[in-house]
Amino acid sequence: PLREAARPRGVPRRDAVGRRSLSAPVASSAARGIRGILVGMLDLVGVAEGQREDLAARGRAIEAARRIPEEVVERLAEAGFFRMLVPRAYGGLEASPSTYVKTLAALARGDAAVGWCVMVGAASGILAAYLDPAEARTLWSDSRLVASGVFAPTATGKRVAGGWEITGRWPFAS
């Protein structure tokens, strides 16, 4: 197994020029289960750039079908793209904002729709940090989870016998 060089707890790994490195080992068992990525050596931007040629070749078909093929979505999920903003404590990658944007841009250079859909599917992951920890662990225990939502709450909820009653109206969301 790969081991990280000893350093004081809480001190992020840095690269040669002092940037926070994505090569730090992934802490959770859920994140370690992401296939296709060498454990502890995550380079989201590089992996996204590696998708460019295939995504570009599929671009016309994606546009014609008006959807991303399931095998592509599975590959994107396995690479961890939809978990970029999920906290590490819940099996996510906890990528920096700059890594998130650079990764999306790299995917979009292959196919703009894929970049957009990964943005939509990854952005809601940041909400895991605001959930009850046990619920967040349960939700993100499945490395294939793609969560998305609208950050424009227009509904109200009230606790009722047996659960919640939600009333509201939701506008179109991508």
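See above for the structure.
Residues numbered from 1 in each chain as written. Predicted model: local features only at pLDDT ≥ 70, side-chain atom pairs only at ≥ 80, totals over all residues. Heavy atoms only, no water.

A.B. asks: Honestly, unusual backbone geometry in this entry has me stumped. Any pointers?
C.D. replies: Most peptide bonds adopt trans geometry, and most residues besides glycine take a negative phi value. Here the phi dihedral of R66 falls at roughly 60°; this positive angle occurs in a residue that is not glycine. Structurally, R66 can be placed in the loop between α2 (44–65) and α3 (70–78). What makes R66 exposed here is its relative accessible area of 77%. Not every positive phi belongs to a glycine, and E94 is a case in point at roughly 45°. One can find E94 in the loop between α3 and α4 (97–110). (Helix = DSSP H or I, 4+ residues; strand = E, 2+ residues; numbered from the N terminus. Buried < 20%, exposed > 50% of the residue type's maximum accessible area, 1.4 Å probe, protein only.)

A.B. asks: Teacher, can you tell me more about the layout of surface pockets here?
C.D. replies: Rolling a probe over the atoms, with the probe sized like a water molecule, indicates the empty space that remains. One number sums up the size of the second largest pocket: a volume of about 360 Å³. For the lining of the second largest pocket, the secondary structure elements donating two or more residues are α2, α3 and α5 (112–123). Per-element accounting of the lining of the second largest pocket gives the leading share, 4 residues, to α5. Here the lining of the second largest pocket is built from residues that sort into 9 nonpolar, 3 polar and 3 charged. (1 Å grid on protein atoms, 1.4 Å probe; cavity = no way out; pocket = protein on both sides within 12 Å on 5 of 7 lines; lining within 4 Å. Points joined across faces, edges and corners; volume = space filled by probe spheres on them. Nonpolar A, V, L, I, M, F, W, Y, C, P; charged D, E, K, R; others polar.)

A.B. asks: I keep staring at the nonpolar core and nothing clicks. Help me out?
C.D. replies: Buried together is how nonpolar side chains tend to be arranged in soluble globular proteins. Counting 23 residues, the largest nonpolar core has L76, F81, M84, Y100, L107, V114 and V118 as its most contacted members. Where this core is concerned, the elements lending two or more residues are α2, α3, α4 and α5. Contact partners of V114, with chain neighbours within four places excluded, come to L55, I62, I68 and L76. If you look at the next biggest cluster of nonpolar residues, it comprises 6 residues, including Y90, A128, W140 and A147. (Core = buried A, V, L, I, M, F, W, Y, C linked by side-chain atoms within 4.5 Å. Contact = heavy atoms within 4.5 Å.)

A.B. asks: Sorry if this is basic, but what is going on with the packing of α4 against α5 here?
C.D. replies: The relative placement of two packed helices is expressed as an angle between their axes plus a distance between the axes. Running from N to C, α4 and α5 cross one another at 150°; their axes reach a closest spacing of 5 Å. When the axis of α4 is compared with that of α5, the two are roughly antiparallel. Contacts between α4 and α5 pair Y100, L104, L107, A108 and G110 from the former with A112, G115, V118, M119, A122 and A123 from the latter. (Axes fitted to C-alpha atoms, helices over the stretch in contact; angles between N-to-C directions. Parallel < 35°, antiparallel > 145°, perpendicular 65-115°, else oblique.)

A.B. asks: Before we go on, may I ask you to explain α3 in this structure?
C.D. replies: Within an α-helix, residues lying three or four positions from one another point in the same direction, as the helix has 3.6 residues per turn. Turning to α3, its buried residues are V72, L76 and A77. What you see down the axis of α3 is that its buried residues fit within an arc of 140°, all on one side. Considering only its buried residues, α3 is in contact with α2, α4 and α5. Just downstream of α3 lies G80, where phi reads positive at about 95°. (Arc of directions from axis to C-beta.)

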